[in-house]
Amino acid sequence: GIQVEQSPPDLILQEGANSTLRCNFSDSVNNLQWFHQNPWGQLINLFYIPSGTKQNGRLSATTVATERYSLLYISSSQTTDSGVYFCAGETSGSRLTFGEGTQLTVNP
Amino acid sequence: NAGVTQTPKFRVLKTGQSMTLLCAQDMNHEYMYWYRQDPGMGLRLIHYSVGEGTTAKGEVPDGYNVSRLKKQNFLLGLESAAPSQTSVYFCASRRGGNQPQHFGDGTRLSIL
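The next thing to look at is the packing of aromatic side chains. With the rule as written, the count across this model stands at nine aromatic pairs over all chains. Aromatic pair Tyr35(B) and Phe103(B): ring centres 5.5 Å apart, planes at 40 degrees, arrangement tilted. Pair noted here: Tyr35(B) is in strand 4 (residues 31–37) and Phe103(B) is in strand 10 (residues 102–103), with a separation of 68 residues, a long-range link. With respect to burial, Tyr35(B) and Phe103(B) carry one shared label: buried. Centroid distance Tyr64(B) to Tyr89(B): 5.8 Å. Interplanar angle 65 degrees. Geometry classified as edge-to-face. With Tyr64(B) in the loop between strand 6 (56–57) and strand 7 (65–67) and Tyr89(B) in strand 9 (residues 87–94), this residue pair connects regions lying 25 residues apart in the sequence. When sorted by exposure, Tyr64(B) lands in the same class as Tyr89(B), which is buried. Through a chain of ring-to-ring contacts, three or more aromatic side chains come together here, namely Phe35(A), Phe86(A), Phe98(A), Tyr33(B), Tyr35(B), Tyr48(B) and Phe103(B). Over the face of the ring belonging to Tyr69(A) we find Arg22(A), whose NZ or CZ atom lies 4.2 Å from the ring centre.

Structure below.
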């Protein structure tokens, strides 16, 4: 299966700062999703983005499929953005492979 | 619209006991999945199903069995629970192969 590498593993920000999270894949993916796991453990779908760029409020994501990476941008961060951000990719066979996540802490 | 519902939310078992986790989705999705999440890690796929009556092994299938007798339900069974199966279990579903997966809220399982 594919390998999914996320960076950085941990990130601490002050409220209002911007950040970029990165996800690298060992092989080309045909599906890619970003999730936010909140402090209660719930997995929230952020983006389904196998290629291109999408935006949703203060969050946006870009996937460059040919170069096997995806980026998640968080602008004007808020304390409610804290949690773990996961990317997950799929090559074939209906299997999502998750990275180990980026732990984001936003301080007031 | 409830989405993906997992039952129970919490459970404590003794080593050797058996139990079944239930996942129900009301979105008429074809594909369903069971994952486990251990502390500090991403999710790992246990078993999955691409349609009613089908099941397939994922990355970490040992010690688990599954059944998909009805399209809307996907059951995960532990026949003889072991402490190594202490984890948070997530169910997910999706409409088709090139569609996003939608997750339930998880089941926290502790095995003593």
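The next subject is the state of the cysteines. Applying the stated rule across the entire model yields two disulfides over all chains. Note that Cys23(A) is cross-linked by a disulfide to Cys87(A), the S-S spacing being 1.8 Å. Where Cys23(A) bonds to Cys87(A) through sulfur, the torsion about that S-S bond is close to 70 degrees, and the disulfide is right-handed. One end of the pair, Cys23(A), is in strand 3 (residues 19–25); the other, Cys87(A), is in strand 9 (residues 83–90), with 64 residues separating them in the sequence. Judged by its relative accessible area of 0%, Cys87(A) is buried. The disulfide that involves Cys23(B) links it to Cys91(B), with 1.8 Å between the sulfurs. Between Cys23(B) and Cys91(B) the sulfur-sulfur dihedral comes to about -75 degrees; the bridge is accordingly left-handed. Here the residue Cys23(B) occupies a position in strand 3 (residues 19–25), and Cys91(B) occupies one in strand 9, the gap between them amounting to 68 residues. Using a relative accessible area of 0% as the deciding quantity, one classes Cys23(B) as buried. Classification of Cys91(B) by relative accessible area gives buried; the value is 0%.

Moving on: the environment of Gly52(A). All names here are of chain A. Among the secondary structure elements, Gly52 is positioned in strand 6 (residues 52–56). Here the alpha-carbon distance between Gly52 and Thr105, two residues 53 residues apart in the chain, equals 27 Å. Excluding residues within four positions of it along the chain, Gly52 makes contact with Ala61, Thr62 and Thr63.

Procedures and definitions
Residues numbered from 1 in each chain as written. Chains lettered and ligands numbered in written order. Predicted model: local features only at pLDDT ≥ 70, side-chain atom pairs only at ≥ 80, totals over all residues. Heavy atoms only, no water. Phe/Tyr/Trp six-rings, centres within 6.5 Å; stacked < 30°, edge-to-face > 60°. Helix = DSSP H or I, 4+ residues; strand = E, 2+ residues; numbered from the N terminus. Buried < 20%, exposed > 50% of the residue type's maximum accessible area, 1.4 Å probe, protein only. Lys NZ or Arg CZ within 6 Å of the ring centre and 35° of its normal. Disulfide = S-S within 2.5 Å. Contact = heavy atoms within 4.5 Å.

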